[in-house]
Structure formats: C-alpha cells, structure tokens
Amino acid sequence: MAFFDHEKLDVYKAAIEFVVLADEVIEQLPRGKAYLADQLQRASSSVLLNIAEGAGEYSSSEKCRFYRMAKRSATECAGIFDICRHLQLIEEERYSKGRQLLLRIVSMLTKMAQVSTNSGTHTGTHTGTHTGAM
C-alpha cells in the first residue's frame, strides 16, 4: 500500500490522536459553549491539515511556513483547553492527555520548521522518524 508523505510522520499521527480527543471534548461541552466547540474544532483540524500540506511541499520555505502555522494552531488548542479547564468544562484526565499531546506536537513541529529552514532540499518524509522526534 502506498502512503502520502504526511502519513509517515509521527507528528501527523499525534495530530490525528489529538483531533479525536478534541472531538470527545467538544461532544461534552454544554449548551452555550458553541464558541469554544467551533474554535477547538477549527484549530485542531488546522494542526492536522497544515502538517499534511507542509509534508507535501517541495519548497523548504513553504514547508516551514505550513509547519509554523500548524504549531500556532496547536498552541491555540492549548489555550482553548486551558479555558475549558478553568471553566470546569473538561475532565482533568482529558486535559492532561491533550496537553501532553500538544506539547509533543509543538516540539516536533518546532524541530521540523527548523530543519526545513536549514535545508533547501528537505522533503519532510522521514525527518526524525529514526529518533522518534517526528
């Protein structure tokens, strides 16, 4: 079976895991919190989709741009999780799991953006997969 470049990345797999978790959180939000649900849905999807777009890029500057956008969306998700926690809208276990995933995703994306910036020919298909970094 053939794979797209982004499907080979650990960061993409972690982002999928976060999207699933975010959807669970969204499902549990009470009425009147649609603004949080909408923002979390868009931001979590943005992480995943920007990783996929970045992995498909040949230009290192464009690749870096997409990874940086994904990172910004991941930190936005962290902020939304903090809001939910402080408003007591999320269970502590889900909050902790989401935070761990997001810290991991942001760390990998930071490294991927740096590698893309420093390499003019980097394709992003296997970056760090041997070390578990991405």
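If you're wondering where the values come from, they're calculated on a predicted model, not measured in any experiment. Just so you know, the residues in each chain are numbered from 1, in the order the chain's sequence is written. Local features in this predicted model are restricted to residues whose pLDDT is 70 or higher, and side-chain atom pairs enter the listing and the counts only when it is 80 or higher, whereas totals over whole chains, interfaces and linings include all residues. Water and hydrogen atoms play no part in the side-chain values, which are based on all heavy atoms of the structure.

**A word on the overall build of the chain**
Then, number 1: Within the chain, the regular secondary structure consists of four helices and zero strands.
Then, number 2: Runs of H or I in DSSP of at least four residues are treated as helices and runs of E of at least two as strands, each being numbered from the N terminus. Starting at the N terminus, the α and β elements of the chain follow one another as α-α-α-α.
Then, number 3: With a 1.4 Å probe rolled over the protein chains alone, any residue whose accessible area is under 20% of its type maximum counts as buried; one over 50% counts as exposed, and the rest are partly exposed. When the 134 residues of the chain are sorted by exposure, 42% land in the buried category.
Then, number 4: Within the chain, counting contacts between residues at least 6 apart in sequence, those at least 24 apart form 74% of the total.
Then, number 5: Here the accessible surface of atoms and residues is derived via Shrake-Rupley with a 1.4 Å probe, and residues count as covered only by protein chains that are part of the display. Accessible surface for the chain amounts to roughly 7500 Å². Of this, 52% is attributable to carbon and sulfur atoms. By definition, residues are in contact when any of their heavy atoms lie within 4.5 Å.

**A word on helix α4 (residues 92-118)**
Then, number 1: With 27 residues, α4 should reach 39 Å at 1.5 Å per residue; the first-to-last C-alpha distance of 39 Å fits that figure.
Then, number 2: Close packing links the buried residues of α4 with α1 (10-28), α2 (34-55) and α3 (60-86). The span you would expect from a helix comes to 1.5 Å times its residue count less one.

**Overview of the packing of α1 against α4**
Then, number 1: Running from N to C, α1 and α4 point in directions that differ by 150 degrees, and their axes come no closer than 10 Å. On the basis of the axis angle, α1 is roughly antiparallel to α4. Considering only the axes of α1 and α4, their crossing is left-handed. Facing α1, whose interface residues are D10, V11, A14, A15, E17, F18, L21, E24, V25 and Q28, α4 presents R94, K97, G98, L101, L102, R104, I105, M108, L109 and M112.
Then, number 2: All amino acids are sorted into three groups, where Ala, Val, Leu, Ile, Met, Phe, Trp, Tyr, Cys and Pro are nonpolar, Asp, Glu, Lys and Arg are charged, and the leftover types, Gly among them, are polar. Each residue belonging to the contact of α1 with α4 can be placed in one class, and the counts come to 12 nonpolar, two polar and six charged. The convention used is that axes are lines fitted to C-alpha atoms, helices contributing only their stretch in contact, and that angles between N-to-C directions extend from 0 to 180 degrees. Each angle gets one of four labels, with under 35 degrees taken as roughly parallel, over 145 as roughly antiparallel, 65 to 115 as roughly perpendicular, and the rest as oblique. Helix crossings fall into two classes, left-handed where the near helix is turned counterclockwise from the far one by less than a right angle and right-handed where it is turned clockwise.

**Comments concerning the packing of aromatic side chains**
Then, number 1: Working definition: a ring pair exists when centres of Phe, Tyr or Trp rings (six-membered ring for Trp) sit within 6.5 Å. Plane angles under 30 degrees give stacked, over 60 give edge-to-face, the rest tilted. Across all of its chains, the model carries one aromatic pair by this definition.
Then, number 2: Aromatic side chains F18 and F81 sit 5.4 Å apart centroid to centroid with 45 degrees between the ring planes, which places their arrangement in the tilted category. One end of the pair, F18, is in helix α1; the other, F81, is in helix α3, and 63 residues separate them in sequence.
Then, number 3: Taking the relative accessible area as the measure of exposure, F18 reaches 2% and is therefore buried.
Then, number 4: Given a relative accessible area of 1%, F81 falls into the buried group.
Then, number 5: Between the NZ or CZ atom of R65 and the centre of the ring of F66, over which it lies, the distance is 4.8 Å. Only when the NZ atom of a Lys or the CZ atom of an Arg is both within 6 Å of the ring centre and within 35 degrees of the ring normal do we say a charge sits over the ring.

**Quick look at the packing of α1 against α2**
Helix packing for two helices is described by the angle between their axes and how far apart those axes are.
Then, number 1: Across the interface, α1 lies against α2 with an axial gap of 9 Å and an inter-helix angle of 170 degrees. Relative to α2, α1 is oriented roughly antiparallel. In this structure, α1 meets α2 at a crossing whose hand is left-handed. Residues V11, Y12, A15, I16, F18, V19, A22, V25 and I26 of α1 form the contact with α2, whose participating residues are A37, L40, Q41, S44, S45, V47, L48, I51 and A52.
Then, number 2: Partitioned by chemical class, the residues of the contact of α1 with α2 number 15 nonpolar, three polar and no charged.

**Describing the confidence of the model for the chain**
Caution is warranted with low-pLDDT regions, since their predicted coordinates should not be read in detail.
Then, number 1: Per-residue confidence for the chain gives a mean pLDDT of 91; residues scoring 70 or more make up 89%.
Then, number 2: Confidence of the predictor in every single residue is expressed as pLDDT, which spans 0 to 100. Low confidence marks residues 121-134, where pLDDT is under 50. Its contacts with residues over four positions away, or in another chain, come to 30 contacts.

**Side note on a nonpolar patch on the surface**
Then, number 1: Distance thresholds for patches are 9 Å for like charges and 5 Å for nonpolar side chains (Val, Leu, Ile, Met, Phe, Trp, Tyr), applied to residues having over 30% relative accessible area and no salt bridge. In what follows, salt bridge is the name for a side-chain nitrogen of Lys or Arg lying within 4 Å of a carboxyl oxygen of Asp or Glu. Together, Y35, I83 and L87 make up a nonpolar patch on the protein surface, roughly 290 Å² of accessible area in all.
Then, number 2: Along the chain, L87 turns up in the loop between α3 and α4.
Then, number 3: For L87, a relative accessible area of 42% corresponds to the partly exposed category.

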